Amino acid sequence: MHFDDQAPDIKPTDLRGILRYVPQWRGHVFVIALDGAIVRDENFANILLDLAVLRSLHIRIVIVLGIGTPLQELAAARGVTLSDLRGEAPVDDATLDLAVEAAARVSHEVMRGLTANGLKCVAANAVRAAEAGILKGVDQMHRGKVDKVDAALLRELIDAEIVPLVPVIVFGRDGRTLRVNSDALASELSHALQASKLIFLTPYPGLHLSGRFVTNIKVEAVRDMLETEPEAIDEALRSKVRHAVRTIEGGTPRVHIMDGRISEGLLTEIFSKVGVGTMVYGNEYQQIRRARRFDIHAIHAITRNAVRTDALRYRTRSAIEKEIDRFFVYEIDDSVIGCAALVPYPGTEIGEIASVSVQPFYQNRGVGRKLVDFAILEAEQRGMQAVVALTTQSVAFFRDLCGFEEGSPSDLPPERRQIHEKSGRNSRVLVKRL
Ligand SMILES: CC(C)(COP(=O)(O)OP(=O)(O)OC[C@H]1O[C@@H](n2cnc3c(N)ncnc32)[C@H](O)[C@@H]1OP(=O)(O)O)[C@@H](O)C(=O)NCCC(=O)NCCS
């Protein structure tokens with residue numbers, strides 16, 4: 001057998017791209033919400049391996065245990081009619097009994113799996129619930145809502161390298177047993193721990209909007225959609241989307257909704273730029289906004305600096321004015337300190353990330369990379385297949401920090417190639433496929 005036949009299906013470039021994201025999350029808290037169906041899925045063993053990898057990279061994880069599918073199965077086996085499946089309706093005595101049993105089973109299965117993968121874990125009693133009470137005249141019985149999260153306890157556990165498992169069966173102040181919704185629970189935990197990510201592992205691929213799969217979407221777009229046309233969001237995921245918005249508003253910048261049945265999907269979602277599911281993202285980019293006419297002066301001033309050192313091609317004020325819709329700016333305390341533009345090449349699915357420029361005083365603080373990341377997200381949302389950057393002095397910035405590969409003028413459409421050749425600037429062409 002030829003050695004190549006055994007080579008794993010991964011290109012060295014993929015590996016470089018992935019490894020670059022690894023140190024980024026060291027020490028961060030991720031809340032992982034496991035749908036009950038995922039614990040039952042044959043891929044669950046792989047998820048456990050992925051969790052072990054995350055721990056080995058010093059990512060601190062907290063797991064929320066959903067119980068939907070096991071609860072349904074128990075109900076069917078016992079012939080019990082459930083009054084509620086997700087902690088969203090009145091929970092009667094029989095439903096609570098089965099929910100307690102389902103939660104114990106799920107917790108047992110996850111603990112067994114984590115233990116088998118060398119991870120320490122505990123079922124943490126770290127949430128106090130309040131009764132949901134009477135809503136619109138209907139007694140919610142044993143249905144609860146999160147009242148308080150014991151973040152100190154959870155932090156102590158994760159600091160001691162113990163993975164806390166948080167069940168949806170929790171206690172009220174007086175010790176009363178209550179059932180809470182797992183999406184709301186995950187959201188509250190993310191807020192209390194100021195998690196960097198909340199990841200919903202579901203039996204669905206992620207979001208489809210207007211028939212198109214969405215790899216990433218701004219929280220504002222999702223919020224608008226929930227208000228104006230909630231039916232555009234798959235019903236099965238609507239609660240997760242709603243909680244994604246709440247979570248981001250609570251300070252966790254990224255929420256992922258992804259298929260937990262894909263082997264190595266979790267690692268791909270976290271460490272590769274595109275991932276396998278849908279990422280809803282928020283305030284990480286809150287300082288970036290679309291440029292408006294009154295920004296022309298600032299953009300001209302910032303780019304002029306880079307033009308002096310021949311880092312950027314000169315653009316007159318009127319050229320900037322003409323293209324102002326393509327620019328976005330990075331603002332600190334109401335003043336623009338960086339800019340970039342995404343210029344689509346007509347008739348292609350390629351966009352150029354141009355005029356990336358940060359005021360010298362603000363350089364080396366991550367602003368340039370955020371501008372480029374933002375432009376990439378924007379290009380993905382517009383369905384572009386690739387982005388290019390032409391640069392004389394920042395090849396390493398695009399290649400090593402922003403994940404571009406070195407290309408050549410032949411990657412440009414003919415018209416752009418001509419301009420490139422005529423300019424005599426001899427810029428290098430960098431490409432990132434999306
Ligand atoms: C390139 C530029 C936009 C980067 O902005 P920034 O806000 O300083 O970048 P970030 O803070 O996100 O990234 C800083 C990292 O990029 C590296 N970097 C910045 N400029 C670089 C360059 N020209 N070449 C290689 N690496 C560079 C820094 O060393 C730093 O690396 P580190 O994180 O390993 O320490 C900024 O230097 C600039 O305005 N340059 C002039 C204009 C230009 O060349 N634009 C690109 C052509 S479109």
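Residues numbered from 1 in each chain as written. Predicted model: local features only at pLDDT ≥ 70, side-chain atom pairs only at ≥ 80, totals over all residues. Heavy atoms only, no water.

A. Here's a closer look at the nonpolar core. Counting residues in each nonpolar core, the largest one holds 88 residues, and the members touching the most others are L34, L51, L54, L114 and L189. Other than its neighbours up to four places away in sequence, L51 contacts I32, I61, I63, L114, L119 and L266. (Core = buried A, V, L, I, M, F, W, Y, C linked by side-chain atoms within 4.5 Å. Buried < 20%, exposed > 50% of the residue type's maximum accessible area, 1.4 Å probe, protein only. Contact = heavy atoms within 4.5 Å.)

B. Local environment of the sheet that holds strand β7 (residues 144–149). Taken in spatial order, the 4 strands make up an open sheet running β7-β4-β9-β10, and their pairing is mixed. Either end of the sheet is taken by a strand with one partner, and the two such strands are β7 and β10 (177–179). For this sheet the average axis-to-axis angle between neighbouring strands, irrespective of direction, equals 55°. Strand contacts of helix α7 (residues 182–193): β4 (127–131), β7 and β10, with the helix running at about 15° to β7, the strand carrying the most contacts. (Pairing = 2+ DSSP bridges. Helix = DSSP H or I, 4+ residues; strand = E, 2+ residues; numbered from the N terminus. Axes fitted to C-alpha atoms, helices over the stretch in contact; angles between N-to-C directions.)

C. Structural view of unusual backbone geometry. Residues other than glycine seldom take positive phi values, yet H58 does so here, at roughly 65°. Note that H58 resides in the loop between α3 (44–56) and β2 (60–65). Residue class for H58 comes out partly exposed when judged on its relative accessible area of 34%. Non-glycine residue E264 carries a positive phi angle of around 60°. Within the secondary structure layout, E264 lies in the loop between β15 (254–259) and α10 (265–271).

D. A look at the site of the ligand. In the vicinity of the ligand lie 21 residues, with V356, N364, G366, G368 and R369 positioned nearest. Take G368: an N or O atom from its main chain is 2.7 Å from an oxygen atom of the ligand. Within the side chain of S394, an N or O atom sits 2.8 Å from an oxygen atom of the ligand. Contributing elements (two or more residues each) for the shell around the ligand: β20 (350–358), α13 (367–381) and α14 (395–401). Of the residues contributing to the shell around the ligand, the split by class is 10 nonpolar, 9 polar and 2 charged. (Near = heavy atom within 4 Å. Polar contact = N/O pair within 3.5 Å; in protein donor to acceptor, adjacent residues only side chain to side chain. Nonpolar A, V, L, I, M, F, W, Y, C, P; charged D, E, K, R; others polar.)

E. Spatial organisation of the packing of aromatic side chains. All chains considered together, the criterion is met by 5 aromatic pairs. Measuring from centroid to centroid gives 5.6 Å for W25 and F30, while their planes differ by 70°, and the two rings are edge-to-face. On the numbers, 5.2 Å between centres and 75° between planes, the contact of F397 with F398 is edge-to-face. A residue is classified by how much of its surface remains accessible, and F398, at 6% relative accessible area, is buried. (Phe/Tyr/Trp six-rings, centres within 6.5 Å; stacked < 30°, edge-to-face > 60°.)

F. Here's a closer look at the pairing of β20. Counted residue by residue, β20 has 9 buried out of 9 residues, so it is predominantly covered. Note that strand β19 (residues 335–344) and β20 share 6 bridges and pair antiparallel. Within the sheet, the bridge partner assigned to C339 lies in β20 and is S357. Inspection of the sheet shows β20 paired to strand β21 (residues 386–391) by 3 bridges, in the parallel sense. Residue E352 lies in a different strand from β21, and its bridge partner there is V388. Considered for its hand, the β-α-β crossover made up of β20, α13 and β21 is right-handed. (Right-handed = clockwise from strand over helix to strand, strands pointing away.)

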